[in-house]
Every structure is written in structure tokens, then in C-alpha cells.
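Below are the chains, spelled out letter by letter.
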Amino acid sequence: MDRYVCPACGYVYDPEIGDPDGGIAKGTKFEDIPEDWVCPICGLSKSEFEKM
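So, a few notes on the structure that sits alongside this text. Since the model is a prediction, treat every value here as computed from it, not as a measurement.

## What about the packing of aromatic side chains?
Consideration 1: Scanning all chains against the criterion turns up 7 aromatic pairs.
Consideration 2: For the pair Y4 and F30, a centre-to-centre distance of 4.0 Å together with 10° between the ring planes defines the contact as stacked. Taken together, the positions of Y4 in strand β1 (residues 4-5) and F30 in the loop between β2 (12-13) and β3 (50-51) put the pair 26 residues apart, joining distant regions of the chain. Across the pair, exposure class does not vary: Y4 and F30 are buried alike.
Consideration 3: Here the aromatic rings of Y11 and F49 are separated by 6.4 Å at their centres, their planes lie at 80°, and the arrangement is edge-to-face. Of this pair, Y11 sits in the loop between β1 and β2 while F49 is found in the loop between β2 and β3, placing the two residues 38 residues apart along the sequence. Across the pair, exposure class does not vary: Y11 and F49 are buried alike.
Consideration 4: Of the aromatic side chains, those joined through ring pairs into one cluster are Y4, Y11, Y13, F30, W37 and F49.
Consideration 5: Directly above the ring of F30 sits K46, whose terminal nitrogen or CZ lies 5.2 Å from the centroid.

Basis of the calculations
- Residues numbered from 1 in each chain as written.
- Predicted model: local features only at pLDDT ≥ 70, side-chain atom pairs only at ≥ 80, totals over all residues.
- Heavy atoms only, no water.
- Phe/Tyr/Trp six-rings, centres within 6.5 Å; stacked < 30°, edge-to-face > 60°.
- Helix = DSSP H or I, 4+ residues; strand = E, 2+ residues; numbered from the N terminus.
- Buried < 20%, exposed > 50% of the residue type's maximum accessible area, 1.4 Å probe, protein only.
- Lys NZ or Arg CZ within 6 Å of the ring centre and 35° of its normal.

See the structure below:
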């Protein structure tokens, strides 16, 4: 599964980890995250993330 990085702060979304604090279970592909999800560090929108 692909990882995605927030260009503003460098946070990496890793599907192996998910975003438990944001309600995203581990094993969730980036494509399957709701569109209103934002970076848990800086709040940048999902659409701004870049594939690693």
C-alpha cells in the first residue's frame, strides 16, 4: 500500500498504521479515507497530500 506525505509539515500517512486518533483504522488505504479528513498535525486537506 502506498504512503502519502503532507507537503506542509511532512506528516506521512502510512496505511499500516492508519490514523487512530482521527478515526482511521490501520490497514485503510489512503484512497479509502473520507474526503473531509485532514492532516492530524497541521490540518491540511487530504487533497493536498502527495504520493511517496
